[in-house]
Amino acid sequence: MVTAIVTGAARGIGASVAAALEASGLQVGALDLDPAVESLSGPNMLGVVCDVGQADTLAQAVATVAERFDPPTVGVANAGIQRDAKIERMGLADWDQVIRVDLTAGFLLTRTIWPAMVAAGSGRMVYLSSIAKDGNFGQANYAAAKAGLVGLARTVAIEGGPAGITANVICPGVIDTPGTAEFRRRAPGAYERFINGVPARRAGSPSDVAGVVDFLCSAAAAYVSGQTIYVDGGLSCGHT
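Residues numbered from 1 in each chain as written. Predicted model: local features only at pLDDT ≥ 70, side-chain atom pairs only at ≥ 80, totals over all residues. Heavy atoms only, no water.

Just to check I follow, could you spell out the overall build of the chain for this structure?
Across its full length, the chain holds seven helices and seven strands. Across the chain, helices and strands are ordered from the amino to the carboxyl terminus as β-α-β-β-α-β-α-β-α-β-α-α-α-β. Here the chain has a C-alpha radius of gyration of 17 Å; the compact-globule value for 240 residues is 18 Å, and the two agree. Each principal axis of the C-alpha atoms in the chain carries an extent, and together these give about 50 × 35 × 30 Å. Split into buried and exposed, the 240 residues of the chain put 46% on the buried side. Of the contacts made within the chain by residues no fewer than 6 positions apart, 67% connect residues no fewer than 24 positions apart. When the accessible surface of the chain is summed, it comes to about 11000 Å², and 55% of that surface belongs to carbon and sulfur atoms. In the chain, the 17 positive side-chain charges and the 21 negative ones have mean positions that sit 8 Å from each other. (Helix = DSSP H or I, 4+ residues; strand = E, 2+ residues; numbered from the N terminus. Rg over C-alpha atoms; globule rule 2.2 N^0.38 Å. Buried < 20%, exposed > 50% of the residue type's maximum accessible area, 1.4 Å probe, protein only. Contact = heavy atoms within 4.5 Å. Areas by Shrake-Rupley, 256 points an atom, 1.4 Å probe, with all protein chains shown as cover. Lys, Arg positive; Asp, Glu negative; His and termini not counted. Charge placed at Lys NZ, Arg CZ, Asp CG, Glu CD.)

Okay, here's the thing in structure tokens:
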């Protein structure tokens, strides 16, 4: 069976992606810093507590998954954090932490499972970016990291193509996650104005994103590589 690694899998989009891949017949290693990820474990899923932005702990977690299942040849880099502030107030620590978790972790996951993908003659990498990759007020660190994932994925597509490795990026818009729910609670008026800017007039669900990830990880997407796909209800129209 094909084994996938999903980072940031304890909740939200990551948890939905892990469940979708498992439902499609994959064995899944679900990684997250949150111990709640261990509750996802079952016959074809293993939840492992891990700081995916640290090379040694990530390698150890992937090795743990490979001991339980087959070596992973599918990677979904979903882990992400936000530390928002205007540029003049953004500390270097907040910059470094967001870059490490949101961008470097994607590179580390790719590098860690690269030998198994090459050996198998097939591999799938999917990177969860954001519509904020094009710039967003108060999110210089987050936007830079999410934009970096696009360059990373396109390079992986070029270097990995001869080995049957594909790499694609998904840019979600407003998705109904715990973070979005908190924003709606704190600023209901601002939230409604934001939703009104979405042509679909609603927030997306984690399953909306997971369905696209599931496709990109499947054999049906073997000739789809280097692409950036927006799952945003049309929010990006006219801005990309």
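This is not the end of the story, as more comes after the structure.
Mind showing me how you'd approach the sheet that holds strand E4 (residues 74-77) here?
Sheet strands line up and pair through hydrogen bonds in the backbone, either parallel or antiparallel. An order of E3-E2-E1-E4-E5-E6-E7 is seen for the seven strands of this open sheet, with the pairing classed as parallel. If you trace the sheet from one side to the other, it starts and ends with strand E3 (45-49) and strand E7 (228-231), each paired once. When the angles between neighbouring strand axes are averaged without regard to direction, this sheet yields 20°. Pairing analysis gives six bridges linking strand E5 (residues 123-128) to strand E6 (residues 165-172), with the strands arranged parallel. In the sheet register, Gly-123 faces E6, and the bridge partner there is Ile-165. The strands that helix H1 (residues 12-23) touches are strand E1 (3-7), strand E2 (27-32), E3, E4, E5 and E6; relative to E1, the one it contacts most, it runs at about 170°. (Pairing = 2+ DSSP bridges. Axes fitted to C-alpha atoms, helices over the stretch in contact; angles between N-to-C directions.)

Please clarify how the side chain of Ser-129 should be interpreted in this entry.
Its location among the elements puts Ser-129 in the loop between E5 and helix H4 (140-160). A polar side-chain atom of Ser-129 sits 2.9 Å from the main-chain carbonyl oxygen of Lys-146. Setting aside residues no more than four positions away along its own chain, Ser-129 makes contact with Lys-146, Leu-149, Val-169, Ile-170, Cys-171 and Pro-172. (Polar contact = N/O pair within 3.5 Å; in protein donor to acceptor, adjacent residues only side chain to side chain.)

How should I be thinking about the state of the cysteines in this particular structure?
Covalent bonding between the sulfur atoms of two cysteines is what defines a disulfide. What the rule picks out here adds up to zero disulfides. Looking at Cys-217, it has no disulfide partner, and the nearest cysteine sulfur is the one in Cys-171, 16 Å off. In this model Cys-237 remains outside any disulfide bridge; the closest cysteine sulfur is found in Cys-171, 13 Å from its own. (Disulfide = S-S within 2.5 Å.)

Is there a simple way to think about the environment of Arg-111 in this case?
Checked against the element boundaries, Arg-111 lands in helix H3 (residues 92-120). Overall, the relative accessible area of 48% leaves Arg-111 in the partly exposed class.

Help me understand the pairing of E4 in this model?
Successive side chains on a regular strand alternate, one facing one side of the sheet and the next facing the other. Burial of E4 is two-sided: the residues Val-74 and Val-76 facing one way and the residues Gly-75 and Ala-77 facing the other way are all buried. Here E1 pairs with E4 via three bridges, running parallel. Paired with Ala-4 across the bridge in E4 is Val-74. Following the chain from E4 across H3 to the adjacent parallel E5, one finds a crossover that is right-handed. (Right-handed = clockwise from strand over helix to strand, strands pointing away.)

In this structure, what is going on with the pattern of salt bridges? I would like to understand it.
Side chains that differ in sign of charge can pair as their charged atoms come close. Taken as a whole and assessed by the stated rule, the structure comprises six salt bridges. Residue Asp-51 pairs with Arg-100 through a salt bridge whose shortest N-O separation is 3.0 Å. With Asp-51 in the loop between E3 and helix H2 (55-68) and Arg-100 in helix H3, this pair connects stretches of sequence that are 49 residues apart. Take Arg-100: its relative accessible area is 24%, and that puts it in the partly exposed class. Measuring nitrogen to oxygen at the nearest pair gives 3.5 Å for the salt bridge that ties Glu-88 to Lys-86. With relative accessibility at 60%, the residue Glu-88 sits in the exposed group. (Salt bridge = Lys/Arg side-chain N within 4 Å of Asp/Glu carboxyl O.)

Function cannot be read off these values alone, since they describe shape.
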